[in-house]
Amino acid sequence: MKKSFLFFLLLITSLFLSVSCVSKRKYRAALAHEERLHSDSINTHTQLGECNTTLTSLQNEKGTLRSQKSELEKENEDAINELNRVSASSKLTIAQQAKRLQNLENLLNSQRDTMDKLKNSISAALVGFAPDELTVYIKDGKIYVSLQEKLLFKSGSDVVNPNGKVALGKLADVLNNNAKSINVVVEGYTDNKPIRTMKFEDNWALSVGRATAVARVLMDEYNVDPNRVTASGQGQYHPVQTNDTPEGRQANRRTEIILSPNLTGLYNVINQ
């Protein structure tokens, strides 16, 4: 009986110890699992916080990009409007310039025709004079009537010969009747042979005296408007031929009447 009791006691103790060991292992395992869950929870919350931060940053960046997009669209619209405005203005300017060029061309053509007709009229009026007395030609849009000394003056004199006055009268008729807007410049020229008289101290003074004398005949005797006439002396400094020969010096002793159109209309078109 005593042995049976001992055996029973040992059995109970063994069962208790066995159950106790199993419970401790489960407990430890449960604690470890809880710690892992807690750690995972902490990590998950940390990651969630980071995701929320990233999401907030992305949302802010999205808002910034939308704002920049709106600004760029506005700038692009403004640029297109300005380009259209400039383009329209440029087209208008090009059209205006084309019109100005056309006006200039028309005016130049008209002046060219006027000068050609005037040159023909003068040549016809002076047809009775020999080529060694006078010539008529166009240069740089101007008409030149070149009268030699033999037609107008005696040597060293500024008194216009009667035959010279006839030529000037025929020229004046054309100017008064067909060319009232034409400017008249009278220029006197000499050769390079020195001259000194009671009236003229040198060739320059002689050239000025001759140009003035021709201008006075045109104005005083043939009623050419003085407002259109200018007289000047060039002396020996613009020869048309060499002064080394008698023929060259004779050609250089001349008086040129230069007829040029009134350029006011041309300047007005250019300055528009």
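Heads up: the structure comes first, above all this text.
Heads up: these notes are all about the structure in this document. (Residues numbered from 1 in each chain as written. Predicted model: local features only at pLDDT ≥ 70, side-chain atom pairs only at ≥ 80, totals over all residues. Heavy atoms only, no water.)

### Considerations on the layout of surface pockets
For the largest pocket, the calculated volume is near 230 Å³. The wall of the largest pocket is formed by twelve residues, among which Gln111, Asp140, Gly141, Lys142 and Pro261 lie closest to the centre. Residue composition of the lining of the largest pocket, by class: five nonpolar, three polar and four charged. The space that makes up the second largest pocket amounts to roughly 170 Å³. Lining the second largest pocket, in full, are Pro131, Asp132, Thr135, Tyr137, Ser146, Gln148, Val240, Gln250, Ala251, Arg254 and Glu256. If you list the elements that add at least two residues to the lining of the second largest pocket, you get β1 (134-139), β2 (142-148), α5 (246-252) and β5 (254-260). The residue inventory of the lining of the second largest pocket, partitioned by class, reads four nonpolar, four polar and three charged. (1 Å grid on protein atoms, 1.4 Å probe; cavity = no way out; pocket = protein on both sides within 12 Å on 5 of 7 lines; lining within 4 Å. Points joined across faces, edges and corners; volume = space filled by probe spheres on them. Nonpolar A, V, L, I, M, F, W, Y, C, P; charged D, E, K, R; others polar. Helix = DSSP H or I, 4+ residues; strand = E, 2+ residues; numbered from the N terminus.)

### Here we look at the packing of aromatic side chains
The relation between two aromatic rings is expressed through the spacing of the ring centres and the mutual angle of the planes. On inspection of all chains with the given rule, the structure shows two aromatic pairs. Between Tyr137 and Tyr144, the aromatic rings sit 5.2 Å apart at their centres with planes inclined by 5°, giving stacked as the arrangement. For Tyr137, a relative accessible area of 29% translates into the label partly exposed. For the ring pair Trp204 and Tyr237, a centre distance of 5.5 Å and an interplane angle of 55° mean the geometry is tilted. (Phe/Tyr/Trp six-rings, centres within 6.5 Å; stacked < 30°, edge-to-face > 60°. Buried < 20%, exposed > 50% of the residue type's maximum accessible area, 1.4 Å probe, protein only.)

### Points about the sheet that holds β1
If you trace the five strands from one edge of the open sheet to the other, you get β1-β2-β5-β3-β4, paired in mixed fashion. Edge positions in the sheet fall to β1 and β4 (229-235), since each has one partner strand and no second. Along the sheet, successive strands turn relative to each other by an average axial angle of 20°, direction set aside. As judged from the six bridges shared by strand β3 (residues 183-189) and β5, these two strands associate in the antiparallel manner. Residue Val185 lies in a different strand from β5, and its bridge partner there is Ile258. Along the sheet face, helix α3 (residues 162-178) touches β1, β2, β3 and β5 and points at about 5° away from the line of β5. (Pairing = 2+ DSSP bridges. Axes fitted to C-alpha atoms, helices over the stretch in contact; angles between N-to-C directions. Contact = heavy atoms within 4.5 Å.)

### With respect to the nonpolar core
Within the largest apolar cluster, 34 residues are counted, with the highest numbers of intra-cluster contacts made by Ile122, Val145, Val186, Val214, Leu218, Ile257 and Leu259. Residue assignment for this core shows that the elements contributing at least two residues are α1 (2-125), β1, β2, α2 (149-152), α3, β3, α4 (203-221) and β5. (Core = buried A, V, L, I, M, F, W, Y, C linked by side-chain atoms within 4.5 Å.)

### Remarks on α3
With 17 residues, α3 ought to run about 24 Å at 1.5 Å a step, and its terminal C-alpha atoms sit 24 Å apart, in line with that. By the burial criterion, the buried members of α3 are Gly164, Ala167, Leu168, Gly169, Leu171, Ala172, Val174, Leu175 and Asn176. (Expected span 1.5 Å × (residues − 1).)

### Description of the environment of Ile143
Within the secondary structure, Ile143 is located in strand β2. Residue class for Ile143 comes out buried when judged on its relative accessible area of 0%. Taking C-alpha positions, Ile143 is 9.9 Å from Glu256, a pair spaced 113 residues apart along the chain. Those residues within four positions of Ile143 in sequence are excluded, and the remaining contacts are Met115, Leu118, Lys119, Ile122, Val136, Tyr137, Ile138, Ile257, Ile258 and Leu259.

### Brief notes about a nonpolar patch on the surface
There is a patch of nonpolar side chains on the surface, built from Trp204, Val208 and Tyr237 and spanning about 320 Å² of accessible area. The residue Val208 is located in helix α4 in this model. Residue classification places Val208 among the partly exposed residues on the basis of a relative accessible area of 32%. (Patch = residues over 30% accessible without salt bridge, like charges linked within 9 Å, V, L, I, M, F, W, Y side chains within 5 Å. Areas by Shrake-Rupley, 256 points an atom, 1.4 Å probe, with all protein chains shown as cover. Salt bridge = Lys/Arg side-chain N within 4 Å of Asp/Glu carboxyl O.)

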